[in-house]
Protein chains: 2
Amino acid sequence: MDTGLERLFRHGGDINAARAVFPGAPEPWIDLSTGINPEPYPIPALDPSCWARLPDPSEVADLQAVAAARYGCAAEEVVVAPGTQALLQWLPRLFPAARVAIPGPTYGGHASAWRAAGAEIVADGAAHEVVVTPNNPDGRRAPLASLRRRAERLQLLVVDEAFADFEPESLAADPPPNTVVLRSFGKTYGLAGARLGFAIARESLARRLREALGPWAVGGPTLALGRAALADKDWLEAARLRLMADGAWLDAQLQAAGFEVVGGTLLFRLVSTAKAADRFRKLGEAGILVRPFSYRPDWLRLGISRAQDRARVAAALKMSSPD
Amino acid sequence: MDTGLERLFRHGGDINAARAVFPGAPEPWIDLSTGINPEPYPIPALDPSCWARLPDPSEVADLQAVAAARYGCAAEEVVVAPGTQALLQWLPRLFPAARVAIPGPTYGGHASAWRAAGAEIVADGAAHEVVVTPNNPDGRRAPLASLRRRAERLQLLVVDEAFADFEPESLAADPPPNTVVLRSFGKTYGLAGARLGFAIARESLARRLREALGPWAVGGPTLALGRAALADKDWLEAARLRLMADGAWLDAQLQAAGFEVVGGTLLFRLVSTAKAADRFRKLGEAGILVRPFSYRPDWLRLGISRAQDRARVAAALKMSSPD
């Protein structure tokens, strides 16, 4: 069994592990360890029948159409999945490879899934490649033109656009033939527990992914929720403005507290600091969970905090200062 | 694209297809085309946070424990899946086989999933075998002792107990080493749209299935719902009594209308009738959807109807009589 501390280094969002590691921390915890929007899309009233009956094929088709409008592709190119993680699990089985290039550091779920299927992970030079853009945790963007050039010399290119909702451009609008673009729903919409994600790929590739997931892959309530949220442009624009304002506030606090902001997206910031382990601990003792990285002991990743948590966040960041 | 009529022969529950095939039928439709309990478990109040954050590993562990108590196995033997269909999709990939024995007729989803992975389906004599018990659509039970004997000479035995919740015995309580038992949640609890199902297998086999599904396979709301429902013994007993009473009422109407009841479970009845296609159509025109079978033109399957639908169901069954 993993210790709580090990779990905190592996994934964000594990408040139970944080409670075990910092038993004296004040409640409620403020979870800044993920890149999930802390102000979720409001759950619409759900017809009880969407829990009761098997989702109808037309409900999936409706969500495909709404997602296609949102991502700028054709409905036939959209695969509706119970979270992008479910697609990560399937890709190595559908496209077996001895070696997969995953330029890092990046989200560890890709390497885990390919390794579990027997693949070796390399930095470059394999026929299968996975690129996360904007990258997690550093926010690095891979230009579309470079992705298109890469796709030309690869058998399979997986482009994880989990944090791309507020980016000016996306490969989803016109994916190359051998490319699977992954789009996350739960992060931007603050609804990671609903389990919804998408693959966007040319029609024949999309069909293959859809057949792997099988019928009724996503439940009725999540289909309804996804349709409402992805069609709501006003909410998305308001979320963008709020995340910009809250992010700017956070940047100012981080800089005042001696952190250097080295990357990020509208949904998280990556900071560098000489005493990251010490500051991670001090923040934890104050009931604020951020994300540490075993491979970069000078890095911490922070999600964007809510306005109502500003006083506690500002005080804790300041208090975590090494001097 | 399939015609509506083809869809009605493939799966139950497709009311949109029924509307297309029987455009003049009265609304609301009464859907007797599935084996899903028409009186769902009441959705408990769900904490908004279960939609927002990624489900915590402890929530999955809690549901494993509740399911283990319900099915009489150990928590480590329970795999929590977003519907048993998701497990059907994975089994042929995890246990590849050139030939799989699926004694039929039975639920078509097994054969589809194995065929999609390249396997040939045979009636008997393969090292991999899938048994549905009680069988869908005829309710035939495979005795536990015979399943255990079969498991001994097989590499993999899949036992689909989707309709076993009210049966006196289950292989889930002590699965043989090479056996995967599937248990459905949505049918008995009338919550097929929530997408929840379980595999029960010895610990190492269960771990393999869990790793294939990956983390966060089931969303927070469904985990909470599953925990509440599977722990509620009183509701289950009340559901059993109600289904017995409603089933006995249905049997009487079926016999009075000239159908022969040839099999079933507490959640559905299989009937035989000389003019099944004609009666399927007459029932459809009356807004009552039942399940026809292309391979047995004398069969129809009917779910158990709700007390409030008795008058319409009785009248339509009588009216469907060929004379």
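Residues numbered from 1 in each chain as written. Chains lettered and ligands numbered in written order. Predicted model: local features only at pLDDT ≥ 70, side-chain atom pairs only at ≥ 80, totals over all residues. Heavy atoms only, no water.

### Let's talk about the relation of the copies chain A and chain B
Item 1. Least-squares fitting of chain A to chain B yields an RMSD of 0.0 Å, with the superposition described by an axial translation of 0.0 Å and a rotation of 180°. The transformation just described matches what one would write down for a two-fold rotation axis. For chain A, the minimum C-alpha distance to the rotation axis belongs to A:Arg93 and amounts to 3.7 Å.
Item 2. Comparing interface residues between copies, 100% of those in chain A also lie at the interface in chain B; the contact surface is shared. (Least-squares fit on C-alpha atoms with pLDDT ≥ 70 in both. Contact = heavy atoms within 4.5 Å.)

### Digging into the interface of chain A and chain B
Item 1. Counting from both sides, the interface comprises 42 residues of chain A and, opposite them, 42 residues of chain B.
Item 2. Overall, the association of chain A and chain B removes approximately 3,000 Å² of surface from exposure, summing both partners, and the carbon and sulfur fraction of that is 60%.
Item 3. On the chain A side of the contact with chain B, A:Trp51, A:Trp90 and A:Trp216 bury the most area, a combined 24% of that side's loss.
Item 4. Across the contact surface, chain A and chain B share 0 salt bridges.
Item 5. Linking chain A to chain B there are 22 residue pairs in polar contact (both at pLDDT 80 or more).
Item 6. Of all the secondary-structure elements, those providing two or more residues to the side of chain A that touches chain B are helix H2 (15-21), helix H3 (49-52), helix H4 (57-71), helix H5 (84-94), helix H8 (203-213) and helix H9 (220-230) of chain A.
Item 7. Per-element accounting of the side of chain A that touches chain B gives the leading share, 5 residues, to H5(A).
Item 8. In the side of chain A that touches chain B, the residues fall into 24 nonpolar, 11 polar and 7 charged. (Buried area = accessible area lost by both parts, 1.4 Å probe. Salt bridge = Lys/Arg side-chain N within 4 Å of Asp/Glu carboxyl O. Polar contact = N/O pair within 3.5 Å; in protein donor to acceptor, adjacent residues only side chain to side chain. Helix = DSSP H or I, 4+ residues; strand = E, 2+ residues; numbered from the N terminus. Nonpolar A, V, L, I, M, F, W, Y, C, P; charged D, E, K, R; others polar.)

### So, the confidence of the model for chain A
Item 1. Overall, the prediction assigns chain A a mean pLDDT of 96, with 99% of residues at 70 or greater.
Item 2. Predicted as a complex, the structure gets a pTM of 0.96 and an ipTM equal to 0.96. (pLDDT = per-residue confidence, 0-100.)

### Quick notes on the sheet that holds strand E8 (residues 197-200) of chain A
Residues and elements named next belong to chain A.
Item 1. One open sheet accounts for 7 strands, arranged E2-E8-E7-E6-E5-E3-E4; its pairing is mixed. Each edge of the open sheet is held by one strand with a lone partner, namely strand E2 (78-81) and strand E4 (120-122). The mean inter-strand angle of the sheet, taken between neighbouring strand axes irrespective of direction, is 25°.
Item 2. Across 4 bridges, strand E6 (residues 156-160) lies against strand E7 (residues 179-184) in parallel orientation. Bridging across to E7, leucine 157 finds its partner in threonine 179.
Item 3. Along the sheet, helix H6 (residues 108-116) makes contact with strand E3 (99-101), E4, strand E5 (128-132), E6 and E7, crossing E5 at roughly 160°. (Pairing = 2+ DSSP bridges. Axes fitted to C-alpha atoms, helices over the stretch in contact; angles between N-to-C directions.)

### Some remarks on the packing of aromatic side chains
Item 1. What the rule picks out here adds up to 26 aromatic pairs over all chains.
Item 2. Summarising the aromatic geometry, the rings of A:Tyr295 and A:Trp299 are spaced 6.3 Å apart at their centres and angled 80° between planes, so their arrangement reads as edge-to-face.
Item 3. Owing to a relative accessible area of 38%, A:Tyr295 belongs among the partly exposed residues under this scheme.
Item 4. What links up through ring pairs into an aromatic cluster is the set A:Phe9, A:Phe22, A:Trp29 and A:Phe280.
Item 5. Just above the ring of B:Phe163 sits the side chain of B:Lys187; from NZ or CZ to the centre is 5.6 Å. (Phe/Tyr/Trp six-rings, centres within 6.5 Å; stacked < 30°, edge-to-face > 60°. Buried < 20%, exposed > 50% of the residue type's maximum accessible area, 1.4 Å probe, protein only. Lys NZ or Arg CZ within 6 Å of the ring centre and 35° of its normal.)

### Some words on the packing of H4(A) against H9(A)
Residues and elements named next belong to chain A.
Item 1. Close contact between H4 and H9 brings their axes to 9 Å; oriented N to C, the two are set at 25°. With respect to their mutual orientation, H4 and H9 come out roughly parallel. Note on packing geometry: the crossing formed by H4 with H9 is left-handed. Judged by residue contacts, Glu59, Val60, Asp62, Leu63, Val66, Ala67, Arg70 and Tyr71 of H4 engage Leu223, Gly226, Arg227 and Leu230 from H9.
Item 2. For the contact of H4 with H9, a count of residues per class yields 7 nonpolar, 1 polar and 4 charged. (Parallel < 35°, antiparallel > 145°, perpendicular 65-115°, else oblique. Left-handed = near helix turned anticlockwise from the far one by under 90°.)

### Regarding helix H9 (residues 220-230) of chain B
Item 1. By the criterion of burial, H9(B) is predominantly enclosed, with 8 of the 11 residues buried.
Item 2. Listing the buried residues of H9(B) in full gives B:Gly220, B:Pro221, B:Thr222, B:Leu223, B:Leu225, B:Gly226, B:Ala229 and B:Leu230.
Item 3. On its buried face, H9(B) sits against H3 of chain A together with helix H3 (49-52), helix H4 (57-71), strand E2 (78-81) and strand E8 (197-200) of chain B.

### Overview of the environment of B:Asp124
All names here are of chain B.
Item 1. Summarising the element assignment, aspartate 124 is placed in the loop between strand E4 (120-122) and strand E5 (128-132).
Item 2. In the structure, aspartate 124 is positioned 25 residues away from arginine 99 in sequence and 9.6 Å away in space, judged by C-alpha atoms.
Item 3. Once residues lying within four places of it in the same chain are set aside, the contact partners of aspartate 124 are Ala101, Glu129 and Arg153.

### Section: the side chain of B:Glu129
Residue and element names in this part refer to chain B.
Item 1. As for its position among the elements, glutamate 129 is in strand E5.
Item 2. Within the local environment of glutamate 129, its side chain forms a polar contact with the side chain of arginine 150, the two groups lying 2.4 Å apart.
Item 3. Once residues within four sequence positions are removed from consideration, glutamate 129 is found in contact with Ala101, Pro103, Asp124, Arg150, Arg153, Leu154, Leu156, Leu157 and Val158.

### Structural notes on empty space enclosed by the protein
Item 1. Applying the stated criterion to the full structure yields 3 cavities of 30 Å³ or more.
Item 2. Size it by volume and the largest cavity reaches roughly 440 Å³.
Item 3. Together, 27 residues line the largest cavity, and A:Tyr107, A:Asn136, A:Lys187, B:Leu54 and B:Trp216 are the ones closest to its centre.
Item 4. Among the elements that take part in the lining of the largest cavity, H5(A) stands out by supplying 3 residues, more than any other. (1 Å grid on protein atoms, 1.4 Å probe; cavity = no way out; pocket = protein on both sides within 12 Å on 5 of 7 lines; lining within 4 Å. Points joined across faces, edges and corners; volume = space filled by probe spheres on them.)

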